[in-house]
2 protein chains.
Amino acid sequence: MRRNSFRDIKSELERRISRRVWEPGETMPGEEALAAEFGAARATVNRALQELARSGLIERKRKSGTRVALHPVREARFAIPLVRTEIEASGSAYEYRLLKRAVEHAPVWLQERFGLPAGAPALHVRCLHLADERPYQYEDRWINLAAVPAAGSEDFETASPNEWLVANAPFSRAQFSFGAARAGSEEARALDLDPGEAVFVAERATWIAERAITYVRMVHPPDHRVVTWI
Amino acid sequence: MRRNSFRDIKSELERRISRRVWEPGETMPGEEALAAEFGAARATVNRALQELARSGLIERKRKSGTRVALHPVREARFAIPLVRTEIEASGSAYEYRLLKRAVEHAPVWLQERFGLPAGAPALHVRCLHLADERPYQYEDRWINLAAVPAAGSEDFETASPNEWLVANAPFSRAQFSFGAARAGSEEARALDLDPGEAVFVAERATWIAERAITYVRMVHPPDHRVVTWI
């Protein structure tokens, strides 16, 4: 007879939870009892329970045992890869084009967002990331030169500020946002869209030790999807 | 003299990492050495290191000690609350309106996505979630009645399928996606937008024990942002 794998056990526990053999909030049989029932090692049962706990379906407490979650809190996790890595991982050829690079005074909205003094120097970079020669992402980035002065000596002609910052400006705190917008005229031109087309916008701002590093707006064509599984 | 808090220690370690006092990949001093340097308890240093590790800035290994991360892998985590909870948490009044409820044959795209037989019964629900009387989310949902037959007896007149499913149909696996689109005519009417306006679209599909439970498309007005911090 084939022994129950942790996957078999996980499926059966899922089935019982979905059929309410055990109600939400109810304490489930212990690891030992389940191991005996399934004719499996405790480690095998433990692995199944671990996966169910990670997916939020059950709650494990050292003292009170395992319960079916009453109000499972769900979380979607999105990896934040380099855009080059993201494109190459999908099997496409990556290409990078620098559109603009200039040292400017931080605009007022950036001063306010990052707590910078008036006239603070910021590096403004606009560039395009292509997948198989099709525009994939238009990047509009500001780098706080007071926090990352070395960025001022980079020309970003052949490698993107994304790559340079990942290698040179570690961050400890970041804000991410996703949204939709109508493409502005410059974004539309870069992405080869009609102005006003719906675009997917990801934004990111990073800090280290209370100092702002960079703010970036990443604009994608309307067919772009950010997908994750739990 | 004020003792260094775990926040002070964390800030100072962040500063050293950003200034490359310790290079990426380099092993950092141990917990004990840091505790001695900062005149703090080991537990305090441990808490600072834990937070830095969680943010991806350092890597802690039991045997080889703590290193500055070489290629920090970043992850953005988005909580998936009930839409009612999300609206109420922002201080707005929540309102729910059912627009459609019908048992239909699963359309071909849903059959294919969920591996359902032709003619499989599915509950099709369209509804609107409002915040302070303004449309917040248009929900277009399909529920697989073979997996969740009890949903067929719910009228969803006063509580949304979102609430009912969270309480009655636990899932073990889910796919999430975010994207942008132009509002279709029905979406535009429900959300009080011009047709073709850019909307933010979140999609979710859930399974338990290999059986598909539900697919939902959630459409938001263009000012909607999904935001998270790490």
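Here the structure is a predicted model, which means the values were calculated and not measured. Throughout, residues of each chain are indexed from 1 in the direction in which the sequence is written. Naming scheme: in the order in which they are written, chains are lettered from A and ligands are numbered from 1. Note on the predicted model: pLDDT of at least 70 is required for a residue's local features to be given, and 80 or more for side-chain atom pairs to be given and counted; whole-chain, interface and lining totals, by contrast, use all residues. Values reported for side chains reflect all heavy atoms of the structure, with hydrogen atoms and water molecules removed beforehand.

**Regarding the side chain of Arg16(B)**
All names here are of chain B. What counts here: Every helix listed is a DSSP run of H or I at least four residues long, and every strand listed is a run of E at least two residues long, numbered separately from the N terminus. Identification of polar contacts relies on pairs of N or O atoms within 3.5 Å, with a donor-acceptor requirement for protein atoms, meaning one able to donate a hydrogen and the other able to accept it, and with residues adjacent in sequence counted only if both atoms are side-chain atoms. Whether two residues are in contact is decided by their heavy atoms: any pair within 4.5 Å suffices.
Tracing the backbone shows Arg 16 in helix α1 (residues 6-18). Looking at Arg 16, its side chain comes within polar contact range of the side chain of Glu 37, at 2.5 Å. Beyond its immediate stretch of four places on either side in the chain, Arg 16 contacts Val 21, Trp 22, Glu 37 and Phe 38.

**With respect to empty space enclosed by the protein**
Our working definition: Space inside and on the surface of the protein is sampled on a 1 Å grid over the protein atoms alone, with a cavity defined as a set of points where a 1.4 Å probe fits but cannot get out and a pocket as an open set with protein on both sides within 12 Å along at least 5 of 7 lines; lining residues have an atom within 4 Å of a point. Grid points are joined across faces, edges and corners, and a volume is the space filled by probe spheres set on the points. Residue classes follow a fixed rule: Ala, Val, Leu, Ile, Met, Phe, Trp, Tyr, Cys and Pro count as nonpolar, while Asp, Glu, Lys and Arg count as charged, and any other residue, Gly among them, counts as polar.
Tallying each qualifying case throughout the model produces 1 cavity of 30 Å³ or more. Put simply, the largest cavity is a space of about 90 Å³. Around the largest cavity, the lining is made up of 12 residues, and of these Pro24(A), Val68(A), Ala69(A), Val166(B) and Pro170(B) lie nearest the centre. Tallied by class, the residues present in the lining of the largest cavity amount to 11 nonpolar, no polar and 1 charged.

**Considerations on unusual backbone geometry**
All names here are of chain A. Put simply, the test is: For every residue, the accessible area (1.4 Å probe, protein chains only) is compared with the maximum for its type, and the residue is labelled buried under 20%, exposed over 50%, or partly exposed between those bounds.
A positive phi angle is found at Glu 133, which is not glycine, with a value near 70 degrees. Here Glu 133 shows up in the loop between β5 (121-131) and β6 (134-144). You can call Glu 133 exposed: its relative accessible area is 67%.

**As for the packing of aromatic side chains**
Centre-to-centre distance and the angle between the planes together describe a pair of aromatic rings. Rules: Here a pair means two rings of Phe, Tyr or Trp (six-membered ring of Trp) with centres within 6.5 Å. Their orientation is stacked below 30 degrees between planes, edge-to-face above 60, and tilted elsewhere. Whether a charge lies above a ring is judged from NZ of Lys or CZ of Arg, which has to be within 6 Å of the ring centre and within 35 degrees of the ring normal.
In total, this model carries 19 aromatic pairs over all chains according to the counting rule given. A centroid spacing of 5.5 Å and a plane angle of 35 degrees characterise the contact between Phe178(A) and Phe200(A), whose relative ring orientation is tilted. Of this pair, Phe178(A) sits in strand β7 (residues 173-182) while Phe200(A) sits in strand β8 (residues 198-208), and the two are 22 residues apart along the sequence. Each ring, one from Phe114(B) and one from Trp207(B), has its centre 5.5 Å from the other, and the planes form 80 degrees; the classification is edge-to-face. Remark: Trp207(B) occurs in strand β8 (residues 198-208) and Phe114(B) occurs in helix α5 (residues 108-114); sequence separation between them is 93 residues. For the pair Phe114(B) and Trp207(B), one class covers both residues: buried. Aromatic rings pair up to connect Phe78(A), Phe178(A), Phe200(A), Phe78(B), Phe178(B) and Phe200(B) into one cluster. Over the face of the ring belonging to Phe6(B) we find Arg47(B), whose NZ or CZ atom lies 3.7 Å from the ring centre.

**Focus on the interface of chain A and chain B**
Under the convention used in this document: The term buried area refers to how much accessible surface (probe radius 1.4 Å) is lost by two components on association, counted for both of them together. A side-chain nitrogen of Lys or Arg and a carboxyl oxygen of Asp or Glu constitute a salt bridge if their distance falls within 4 Å. Here, any two strands with at least 2 DSSP bridges between them count as paired.
In this complex, chain A contributes 51 residues to the contact, which on the side of chain B involves 50 residues. Buried area between chain A and chain B, summed over both chains or domains, comes out near 4,800 Å², and the portion from carbon and sulfur atoms is 56%. For the salt bridge of Glu197(A) with Arg182(B), the shortest nitrogen-to-oxygen distance reads 2.9 Å. Where chain A meets chain B, there are 14 residue pairs in polar contact (both at pLDDT 80 or more). Secondary-structure elements contributing two or more residues to the side of chain A that touches chain B are α1 (6-18), β3 (74-80), α6 (161-168), β7, β8 and β10 (225-229) of chain A. In terms of residue count, the dominant contributor to the side of chain A that touches chain B is β7(A) (10 residues). Counted by class, the side of chain A that touches chain B contains 26 nonpolar, 11 polar and 14 charged residues. Sheet topology places β3(A) next to strand β3 (residues 74-80) of chain B; 7 bridges connect them, and they run antiparallel. Across the sheet, Ala76(A) pairs through a bridge with Phe78(B), a residue of β3(B).

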